Amino acid sequence: MPKIKDFSFYLKDPKSSVPTLINFRMPIPGEKPLKRSIGKMIHPVKWDVADQRPFPAKDKDIKEIDQLIDRIVEIVPLIKSECRRHGRIVSRADVNAALDVILQSKRKDKAEEPGGDMFAGCGAIIAAMREGTVLTPGKSKKKYKPATIKNFEKSVRKIKAFYEKEKLPATFSAVTLETYNSFLSWCHEQDQSDNSIGVFIKCWKRLADVAKSKGWHNNAVFEHQDFAILKEETPDIYLNETKIAAIYKQPVAFEYHGIARDWFVLDCYLGLRISDLGSLDEKSFTGKHFHLVNEKTGATVVIPIHPFVKDVIKKWKGLPPPISEQKLNQYIKIVAKGAKLKHKFIYKITKGGKLHTEVLEEWQMVSSHTCRRSFITNLLKVKKPHPIPHAII
């Protein structure tokens, strides 16, 4: 085996709190040392600095890194032997050519160097989002919400499943419009709705944007107008105050149905986005008004407190117990069905690339989005509406 001084493996950022790239370094006679990523990432706590490889583990990814390092270790003496046979010293071109074969990539300029495995990179970025070291884009620069991070994780799982089925090279640099179109076709085969596909694409584009800012790739396809985020307007219902009251007064068999009901009614009279609803506390309710700084706009929202809201706060001696948006949407339909919300609607949605038309009853269409729509619509319908803060609209 080659001596350690012949070359080395090291982490790009050994102090990183998230997975970082593994680099290869080899001195070249008469030239600057060759430095190159091996296209794999690892968390520093899993890296043995002395042995210059991962600590032993049963993890599949760790085994793949070990095998890749072994292949590079084995190839170095063969390169030197071949050069000696031809009476010359080893050059950067010799080493790079061998690494191109092993890593199945060709090194171009630094800006175009792939950031290793795309999905390892996505995992590192999502971990950084969770820690708050990668923030939302634009001027707001805020920490990502847990629900948004779940969307990123789900999107990456979907994209990875597509890549595994099609056996595509998993690098940001290899993504093309053909990849995008194939992904859309695959999603349609999975009977995904256009809006669900749009979430996957939106997350993919954001991850690619962060990866590009880190110098992991220089692929402009993600910014192409044809690499579009699908979005379809779907019909949303609103509930008038009579129907909201029917839901609030509807008896429930299980406590968690009551929790969903009370959160739902609470938001029908607050009109908050889901991201704001999760940041509520009892201090927001003072006197006759509700106060909150809008998560999206930063504006202060002041809303008169409805009697139903007072009842909910009194019942729970504060806010109801926490509930996920998924569970709220599931349980509120049960409550709304019991409240006999049976008005019929024609519902159209594109799934699997085809337009589907269904006739649904009102209770089937009730969701967390109904709250905000009902709040605004009911305010606009009264003869002398309360002023609606700009941040609400």
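Further up the page is the structure itself.
Residues numbered from 1 in each chain as written. Predicted model: local features only at pLDDT ≥ 70, side-chain atom pairs only at ≥ 80, totals over all residues. Heavy atoms only, no water.

(A) Structural detail: the overall build of the chain. In terms of helices and strands, the chain carries 13 helices and 10 strands. Whereas a compact globule of 393 residues would reach a radius of gyration of roughly 21 Å, the chain reaches 28 Å, over 25% beyond that. For the chain, the C-alpha atoms occupy an extent of roughly 95 × 45 × 40 Å along the three principal directions. Among the 393 residues that make up the chain, the fraction classed as buried is 44%. Of the contacts formed within the chain by residues at least 6 apart in sequence, a portion of 60% connects residues at least 24 apart. Of the roughly 22200 Å² of accessible surface on the chain, 54% is carried by carbon and sulfur atoms. (Helix = DSSP H or I, 4+ residues; strand = E, 2+ residues; numbered from the N terminus. Rg over C-alpha atoms; globule rule 2.2 N^0.38 Å. Buried < 20%, exposed > 50% of the residue type's maximum accessible area, 1.4 Å probe, protein only. Contact = heavy atoms within 4.5 Å. Areas by Shrake-Rupley, 256 points an atom, 1.4 Å probe, with all protein chains shown as cover.)

(B) Structural detail: helix H5 (residues 177-189). Between the first and last C-alpha of H5 there are 18 Å, a value that for 13 residues agrees with the 18 Å anticipated at 1.5 Å per step. Inspection of H5 places Thr179, Tyr180, Phe183, Leu184, Trp186 and Cys187 among the buried residues, and these make up the whole buried set. Along the axis of H5, the buried residues cluster in a sector spanning 165 degrees; they form a single face. Facing away from the buried surface of H5 by more than 90 degrees, the exposed residues are Glu178 and Glu189. Turning to H5, the residues buried within the fold contact helix H4 (146-166) and helix H6 (194-213). For H5, the N-terminal cap is Thr176; the gap from its side-chain oxygen to the backbone nitrogen of Glu178 is 3.2 Å. Immediately beyond the C-terminal end of H5, within one or two residues, lies Asp191, with a positive phi of roughly 65 degrees. (Expected span 1.5 Å × (residues − 1). Arc of directions from axis to C-beta. Polar contact = N/O pair within 3.5 Å; in protein donor to acceptor, adjacent residues only side chain to side chain.)

(C) Local environment of the packing of aromatic side chains. The tally for this structure, following the rule as stated, stands at 20 aromatic pairs. Both rings, one in Phe119 and one in Tyr163, keep their centres 5.4 Å apart while their planes meet at 80 degrees; by these two values the pair is edge-to-face. In this pair, Phe119 is assigned in helix H3 (residues 118-131) and Tyr163 in helix H4, connecting sequence segments 44 residues apart. Just as Phe119 is buried, Tyr163 falls in that class too. A connected cluster of aromatic rings, assembled from ring pairs, spans Phe119, Phe162, Tyr163, Phe172, Tyr180, Phe183, Trp186, Trp204, Phe222 and Phe227. (Phe/Tyr/Trp six-rings, centres within 6.5 Å; stacked < 30°, edge-to-face > 60°.)

(D) A look at H3. The terminal C-alpha atoms of H3, which comprises 14 residues, lie 20 Å apart, in line with the 20 Å expected from a rise of 1.5 Å per residue. Of all 14 residues in H3, 10 are buried, a share of seventy percent or more. Buried residues along H3 sit in contact with strand E3 (34-42), H4 and H6. The N-cap residue of H3 is Asp117: its side-chain oxygen and the backbone nitrogen of Phe119 are 2.9 Å apart. Directly after H3, the chain includes Gly132, whose backbone phi takes a positive value near 95 degrees.

(E) Fine view of the side chain of Glu232. Within the secondary structure, Glu232 sits in the loop between H6 and helix H7 (241-249). Judged by relative accessible area, which is 17%, Glu232 ranks as buried. When near neighbours in sequence (up to four residues on either side) are disregarded, Glu232 contacts Asp194, Asn195, Ile349, Thr350 and Leu355.

(F) Layout of the packing of helix H8 (residues 255-268) against helix H10 (residues 307-316). Where H8 contacts H10, the two axes come as close as 9 Å, and the packing angle between them is 145 degrees. Between H8 and H10 the crossing geometry is left-handed. Taking contact as the criterion, the partners of Glu255, Ile259, Arg261, Asp262, Val265 and Leu266 in H8 are, on H10, Phe308, Val309, Val312, Lys315 and Trp316. Looking at the contact of H8 with H10, its residues break down into seven nonpolar, no polar and four charged. (Axes fitted to C-alpha atoms, helices over the stretch in contact; angles between N-to-C directions. Left-handed = near helix turned anticlockwise from the far one by under 90°. Nonpolar A, V, L, I, M, F, W, Y, C, P; charged D, E, K, R; others polar.)

(G) Spatial organisation of the nonpolar core. In terms of nonpolar packing, the biggest core is built from 46 residues, with Ile247, Phe264, Leu280 and Phe290 touching the most fellow members. Broken down by element, the residue count for this core peaks at seven residues, all from H8. Apart from the residues lying within four places of it in its own chain, the contact partners of Ile247 are Leu239, Arg261, Phe264, Val265, Ile332, Val335, Ala336, Ala339 and Leu341. Counting residues in hydrophobic clusters, the runner-up holds 39 residues, among them Leu21, Phe152, Phe200 and Val221. (Core = buried A, V, L, I, M, F, W, Y, C linked by side-chain atoms within 4.5 Å.)

(H) View of the state of the cysteines. Enumeration according to the criterion identifies zero disulfides in this entry. Here Cys203 is not disulfide-linked; the sulfur of Cys122 is the nearest cysteine sulfur, at 9.9 Å. Free cysteine Cys371: the closest other cysteine sulfur is in Cys268, separated by 4.1 Å. (Disulfide = S-S within 2.5 Å.)

(I) Here's a closer look at the pairing of E3. Counting buried residues in E3 gives seven out of nine residues, a clear majority hidden from the surface. By the bridge criterion, six bridges tie strand E2 (residues 20-26) to E3 in an arrangement that is antiparallel. Pairing of Arg25 across the sheet is with Lys35, part of E3. (Pairing = 2+ DSSP bridges.)

(J) Quick peek at the pattern of salt bridges. Across all of its chains, the model carries 13 salt bridges by this definition. With a closest N to O distance of 3.5 Å, Lys165 and Glu166 form a salt bridge. It is possible to trace a salt-bridge network through shared partners that takes in Arg53, Asp66 and Asp70. (Salt bridge = Lys/Arg side-chain N within 4 Å of Asp/Glu carboxyl O.)

(K) Region of interest: the sheet that holds E3. Read from one edge of the open sheet, three strands run E1-E2-E3, paired in antiparallel fashion. Sheet topology places strand E1 (8-11) and E3 at the edges, where each strand pairs with a single neighbour. Averaged over all pairs of adjacent strands, the angle between strand axes in this sheet comes to 30 degrees, irrespective of strand direction. Bridging between E1 and E2 involves four bridges; their strand directions are antiparallel.

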